[in-house]
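As a plain string of letters, each chain reads:
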Amino acid sequence: MNVIYGLLAISIAIAIVFFIVFIVSVKKHQYEDTYTPSVRMLFDDELVKTDKSGSSSSSENQKPNHKHKQS
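### Here's the deal with the packing of aromatic side chains
- Evaluation of the coordinates by the stated rule reveals one aromatic pair.
- Centre to centre, the rings of Phe-22 and Tyr-31 are 6.0 Å apart; their planes meet at 40°, and the pair counts as tilted.
- Overall, the relative accessible area of 51% leaves Tyr-31 in the exposed class.

### Overview of helix 1 (residues 2-27)
- Taking 1.5 Å per residue as the helical rise, helix 1 with its 26 residues ought to reach 38 Å, and the 38 Å between its terminal C-alpha atoms agrees with that figure.
- Downstream of helix 1 by one or two residues, His-29 has phi in the positive range, about 65°.

### Some remarks on a nonpolar patch on the surface
- The grouping of Val-3, Leu-7, Ile-10, Ile-14 and Phe-18 at the surface amounts to a nonpolar patch, some 540 Å² of accessible area in total.
- Here Val-3 is to be found in helix 1.

### Focus on unusual backbone geometry
- In this structure, His-29 takes a positive phi of about 65° despite not being glycine.
- Along the polypeptide, His-29 turns up in the loop between helix 1 and helix 2 (36-43).
- By relative accessible area, His-29 is classed as exposed at 51%.

Quick notes on the rules
- Counting restarts for each chain: residues are numbered from 1 in the order of the written sequence.
- Per-residue local features of the predicted model are confined to residues with pLDDT of at least 70, and side-chain atom pairs are confined, for both listing and counting, to 80 or more; whole-chain, interface and lining totals are unaffected and use all residues.
- Side-chain figures throughout are based on the complete set of non-hydrogen atoms in the structure, without hydrogens or water.
- In summary, the pairing rule links any two rings of Phe, Tyr or Trp, Trp by its six-membered ring, whose centres are within 6.5 Å, and it sorts them by plane angle into stacked for under 30 degrees, edge-to-face for over 60 and tilted for everything else.
- Exposed residues in this analysis have more than 50% of their type's maximum accessible area, buried residues have under 20%, and partly exposed residues fall in between, with area computed by a 1.4 Å probe over protein chains only.
- Where helices and strands are cited, they refer to DSSP runs of H or I of at least four residues and of E of at least two residues respectively, numbered from the N terminus.
- In a helix, the anticipated span is given by 1.5 Å times the number of residues less one.
- To count toward a patch, a residue needs a relative accessible area above 30% and no salt bridge. Like charges then connect within 9 Å, nonpolar side chains (Val, Leu, Ile, Met, Phe, Trp, Tyr) within 5 Å.
- The protein chains shown are the only cover counted for residues, whose accessible areas, like all others here, come from Shrake-Rupley with a 1.4 Å probe.
- By definition here, a salt bridge exists when the distance from a side-chain nitrogen of Lys or Arg to a carboxyl oxygen of Asp or Glu is within 4 Å.

Just geometry here; none of it tells us what the structure is for.
Listed below in structure tokens is the structure:
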């Protein structure tokens, strides 16, 4: 029976730690922009070809560019 009390205390302590981490992340605005990350992943591998004149064009027949921007 003492083991149950110990496990209950440990689980409550872990729950409190996760709740504190959640509150801190909300205060640091981690969950304010939920739209941009979902759209950004769709356009990460967009095919863009730049020729010497500086203009760019995209084509579905080009090889995919796997270079990712650091932003």
